[in-house]
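Architecture and fold: a report
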Amino acid sequence: MQELEELKITMEALVREDRFNEFLNLFEPTASLALQEKNYNLLIDLYIKRSKIYFILGDIQSCIGDLKKVTEWIDEHGADGQKTIYLNMYATICGELGNQKKNFEYLNKAKALATKLNDILTLCKIYNNLGVYHLVEGDPASAVKHLQKGLDLSKKLDESNEDELMVLLKLNLAKAYTNLGEFKKTEELFDFLFDYIDGKQWMKTSIYVLQYKGLWFKAQQRFEEANEILVKAKDFASKNNDLILLEEINNILLEVVTELNDKDLLIAVQRDYIDILLKIKGINLNQNLLQIEMTQNEKQFESISTKDPLTSCYNRRYFEKTIKKWLKEAKMTAQLIGFFILDVDYFKQINDQFGHLVGDDVLKSVANLAAEYLSAYDSIFARYGGDEFVAMVKVSSKDELIEIVDNLYNHISDTIIELDEEKISISISLGVSTNVNGMLTDYKEIFKLADDALYESKRNGRNQYTVNT
């Protein structure tokens, strides 16, 4: 449970800081562990978060796949707050795929539940999506009303959530004001939006900003400028492989290039448009969307990995299973096995001062250094929990064991991790014991001897190792 709780904190922090690749890399082992422990609440959270990331990255097919998985658990295991987020997300996908009837139906279901729960954050997002719905339906005045409600509500939120929503709400307000011909209001909104997307062009929101600025130019018959910025939007959408947005942008480009009366350019855009439509047809997204409502059972995950998902070294389960086997074999062959416990000094202070993700980076660095050094020996290195690591190594003598421990300590000790303008110095404490050439076969007894030695290292000031003789 402790391991899963640590992973949950890490995953939440990665999403907050938009470290999507790291979230995606940790997803499968975290979800596998949650499934093994039947923590459906966390599973729902994880899949909804990943579906949002896929949506942001323009991978609609993967987004739908994750919502399909959530459908299995949401009715029986989902909390009301999770159901509201799920309904809103499902509505968003329906709208993205042009199913406006279901979009509106699920948005109203989500709105009713969010109102009942007084969930202001989700309500703001729902008002944003209702604004988008009215834009698609050709009613920009109603869109402005819903988007303005969302902006007013967002003032009650904390700053981080408010910033994220301000971008979405102002983005769609820009399109609504453009459709109403209020170009001056729109221009002020674009000043804010382009400041926000600076350096973030790979995100879906950034592509929308470029697309809507192209529509703004087009509405004023500034076709050269519209073509230039729409080509840029198309390029980013193509790099994201966001076929839905590519179709939208290309459709607008067809109209703009027609106005420019450039026959060669028009032919090129038409060819691209046909290619995009063929790709969309091949994926058959709408068929996948239908499966969300029909699916009940799918294959569960394969058994959980033997590796710790955060550090990629072995996990506690694998270590405890292996050491029992090693100790049993050592009893018959009189093999000397060294066992040690390794702790990161003052790890809680690092977490408190620099944050959980920096703490994770520290653990990964220590694990990488230890695993790298011990790979030259017949050894097993594992994360036992928190900032505690364990290792066992087959050696020919106690002197060889002490040499290995001493070299390992020096290999890791005083590691420097650079964080922006700050440098974090890392030190470790170790406690060492042995199986006394096969005479000790109880893993818990060997662990206690090493733990006592570790305590001695800490009592004597940390940043050292102690061998329990």
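These notes cover the structure that comes with them.

Definitions and cut-offs
Residues numbered from 1 in each chain as written. Predicted model: local features only at pLDDT ≥ 70, side-chain atom pairs only at ≥ 80, totals over all residues. Heavy atoms only, no water. Pairing = 2+ DSSP bridges. Helix = DSSP H or I, 4+ residues; strand = E, 2+ residues; numbered from the N terminus. Axes fitted to C-alpha atoms, helices over the stretch in contact; angles between N-to-C directions. Contact = heavy atoms within 4.5 Å. Phe/Tyr/Trp six-rings, centres within 6.5 Å; stacked < 30°, edge-to-face > 60°. Buried < 20%, exposed > 50% of the residue type's maximum accessible area, 1.4 Å probe, protein only. Expected span 1.5 Å × (residues − 1). Arc of directions from axis to C-beta.

In this section: the sheet that holds strand 7 (residues 465–467). Here we have 5 strands laid out as an open sheet, ordered 2-3-1-6-7, and mixed in their pairing. One side of each edge strand has no neighbouring strand; the edge strands of this open sheet are strand 2 (379–385) and strand 7. Averaged over all adjacent pairs, the angle separating strand axes in this sheet is 20°, with direction ignored. Two strands pair when backbone bridges link them, and strand 1 (residues 336–344) and strand 6 (residues 428–434) are joined in this way by 7 bridges, in the antiparallel orientation. Counterpart to Leu342 in the pairing with strand 6 is Leu430. Relative to strand 6, helix 19 (residues 398–412) is tilted by about 165°, and along the sheet it contacts strand 1, strand 3 (388–395), strand 6 and strand 7.

Right, let's talk about the packing of aromatic side chains for a bit. Across all of its chains, the model carries 20 aromatic pairs by this definition. On the numbers, 5.3 Å between centres and 55° between planes, the contact of Trp216 with Phe217 is tilted. On the accessibility criterion, Trp216 (4% relative accessible area) is buried. The interplanar angle of 10° and the centroid separation of 5.4 Å between the aromatic rings of Phe381 and Phe389 together place this pair among those described as stacked.

Before going further, it helps to examine helix 6 (residues 100–117). Between its first and last C-alpha atoms helix 6 spans 26 Å; for 18 residues at 1.5 Å apiece the expected length is 26 Å, and the two agree. By the burial criterion, the buried members of helix 6 are Gln100, Asn103, Tyr106, Leu107, Ala110, Leu113 and Ala114. Buried residues of helix 6, viewed axially, fall in a sector of 155°; they line one side. Of the residues in helix 6, the exposed ones pointing more than 90 degrees away from the buried face are Lys101, Ala112 and Lys116. One or two residues past the end of helix 6 sits Asn118, with phi positive at roughly 55°.

Note that every value here comes from positions in space, so none of it alone points to a role or purpose.
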